[in-house]
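Here's the letter readout for the chains.
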Amino acid sequence: MGQPVRDYLLTLCVTAAVTYLLTGPVRKFAIAIGAMPAIRARDVHREPTPRLGGIAMFGGLCAGLIVAAHLDNLTDVFELSNEPRALLSGAALIWLIGVLDDKFELDALIKLGGQMIAAAVMVIQGLTVLWLPIPGVGTVALTQWQGTLLTVALVVITINAVNFVDGLDGLAAGMVCIASAAFFLYTYRLWYGYGIEAAAPATLFAAILMGMCLGFLPHNMHPARIFMGDSGSMLIGLVLAAGAISVTGQVDPDTMKLFEGSERQATHAMLPVFIPLLLPLTIIAIPAADLVLAIVRRTWNGQSPFAADRGHLHHRLLEIGHSHSRAVMIMYFWSALIAFGAVGYSVHSASMWIVLTIMGASAVGLILLLMPRFTPRTPDWADSFVPPRYRRRRHAARSERVVGYGQQGPGDPHMAPEAPERTPVAVGVSGVNGATAIGSRARTHERRRADSSR
């Protein structure tokens, strides 16, 4: 089998293109059927925005699987494994539940039951954890019930972690795209580097997931024209979990032939065995931490763990003065640092510079984002080529003219009218999207309490 990187790239591009092209008609469909809920207390957008973006993402998933099934280097994935069909079955079920929730707002327990059923459907068709490589113990085979329970738990946790982080425009899609890119680097090296065919399905899932997110992001970046809704967030969460389950519980560490050579070489070679245990956790590290903190916070306050509030990490970033876009970028860089940092442990020194470069760039970007904000200004000749927020202001010259007119007396007909006083916008005030996306930051914040049960 030749190196299939071009086939993966083609699959990714087709998935992204189909998702992108379907999102526009899906937006019109969502508006037509009224899938535009009213503004809630915890929301940060300023006007009702249509949901159901998951419909376009599911279309991209189906297109990616169909294209991959007809590519020479990827046909064996469908012939030797039933995992793509298992993924499609579970994704269709969770997507249908999400569409119903976006329209009718289902109860949280009903959605939880649907997530467990979708995970069980994948288990029945063979997408399950068969064994675990445990440091110091070796490969531990799991019973059928143990594998089923572990698979269902991983699917439910990942879906809800991604769903919890979907609170700002482009946040969930971007974080999952970064995580799937790191996951693709690991699984592709595991397949093509070690020649392990069992890692091929997870590599395909990662490429398709990147395409789904990249195709949806142009419509979802701030200010978003459409939201993915639960139909999208639960879908990409399930695809992410399916890839983690496939590479964690299906790849036998003994097939890597890692126990040859000196003890030091064997220790270094064993790192790829333990990465499947760490990488799925690091990929959802920030959403999972947000999920745990939310459950603890709500339980401590005597609320239901499923009750909505404005205590998530992205809400806190807005409250301390970051703009909407800035908060999203900070979360992006955190995800990149954690995900690519985990991948770095499985890369040999010959190619370590690639991961180190990505991690270094992410660290620099994170530091720059956390520094005090400054607004760059462009030269006068470039004002017509840049957005208004970066143009030089000429208010000083106008103010001097206004003062000159004002000295002619109150009865002079050439006196400029008094400019209305502007009130600064505060973060958290109802009707403000991101609060400080344009203009200076407000230093006083008003925290809103959630009044919705969802």
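Residues numbered from 1 in each chain as written. Predicted model: local features only at pLDDT ≥ 70, side-chain atom pairs only at ≥ 80, totals over all residues. Heavy atoms only, no water.

1. Some remarks on the overall build of the chain
Heads up, the rule is: Helix and strand definitions here come from DSSP, where helices need a minimum of 4 consecutive H or I residues and strands a minimum of 2 consecutive E residues; each element is numbered from the N-terminal end. Type-normalised accessible area, obtained with a 1.4 Å probe on protein chains alone, sets the label of each residue: buried when under 20%, exposed when over 50%, and partly exposed for intermediate values. The criterion used for residue contact is that any of the two residues' heavy atoms lie within 4.5 Å. Note that accessible areas follow from Shrake-Rupley with a 1.4 Å probe, and for residues the cover is restricted to the protein chains shown.
Along its length, the chain carries 16 helices and two strands. Going through the 454 residues of the chain one by one, you find that 50% of them count as buried. For the chain, restricting intrachain contacts to residue pairs at least 6 apart in sequence, the fraction spanning at least 24 positions comes to 73%. As displayed, the chain offers around 22,100 Å² of accessible surface, 64% of which is attributable to carbon and sulfur atoms.

2. Concerning the packing of helix 7 (residues 171-194) against helix 14 (residues 324-344)
Condition: Each axis is a line fitted through C-alpha atoms, taken for helices only over the stretch in contact, and angles between the N-to-C directions span 0 to 180 degrees. Roughly parallel means an angle under 35 degrees; roughly antiparallel, over 145; roughly perpendicular, 65 to 115; everything else is oblique. Should the near helix be turned anticlockwise from the far one by less than a right angle, the crossing is left-handed, and should it be turned clockwise, the crossing is right-handed. Think of it as three bins: nonpolar holds Ala, Val, Leu, Ile, Met, Phe, Trp, Tyr, Cys and Pro, charged holds Asp, Glu, Lys and Arg, and polar takes everything else, Gly as well.
Helix 14 packs onto helix 7 with a crossing angle of 15° between their chain directions and a minimal axis gap of 9 Å. By the angle class used here, helix 7 and helix 14 are roughly parallel. Pair helix 7 / helix 14 crosses with right-handed handedness. Contacts between helix 7 and helix 14 involve Leu-171, Gly-174, Met-175, Ile-178, Ala-179, Ala-181, Ala-182, Leu-185 and Tyr-186 from the former and Val-328, Met-331, Tyr-332, Ser-335, Ala-336, Ala-339, Phe-340 and Val-343 from the latter. Tallied by class, residues from the contact of helix 7 with helix 14 come to 15 nonpolar, two polar and no charged.

3. A few points about the packing of helix 4 (residues 83-104) against helix 5 (residues 108-124)
For the pair helix 4 and helix 5, the least separation of the axes is 8 Å and the interaxial angle reads 165°. In this view, helix 4 runs roughly antiparallel relative to helix 5, as classed from their interaxial angle. For the pair helix 4 and helix 5, the sense of crossing is right-handed. Here Ala-86, Leu-87, Ser-89, Gly-90, Leu-93, Ile-94, Ile-97 and Asp-101 of helix 4 lie close against helix 5, whose contacting residues are Lys-111, Gly-114, Gln-115, Ile-117, Ala-118, Val-121 and Met-122. Among the residues making up the contact of helix 4 with helix 5, the classes are represented as nine nonpolar, four polar and two charged.

4. Some thoughts on the confidence of the model for the chain
Basically, it comes down to this: Per-residue confidence from the prediction method is given by pLDDT, with values spanning 0 to 100.
Averaged over every residue, the pLDDT of the chain is 75; the share at 70 or more is 64%. Below a pLDDT of 50 lies the segment residues 258-268, which in the model reaches ten contacts outside its immediate sequence neighbourhood of four places, other chains included. Segment residues 395-454: pLDDT under 50, and 90 contacts once partners within four positions in sequence are set aside and those in other chains are kept.

5. As for helix 4
Helical geometry note: an α-helix holds 3.6 residues per turn, so side chains three or four residues apart project in the same direction. Here is the rule we go by: Here a helix's expected span is defined as the number of its residues, less one, multiplied by 1.5 Å.
Helix length check: helix 4 (22 residues) gives 31 Å between terminal C-alpha atoms against 32 Å at 1.5 Å per residue, within 8%. Looking at helix 4, one finds that the buried residues are Glu-83, Pro-84, Ala-86, Leu-87, Gly-90, Ala-91, Ile-94, Ile-97, Gly-98, Val-99, Asp-101 and Asp-102. Glu-105 sits one or two positions beyond helix 4 and adopts a positive phi of about 55°.

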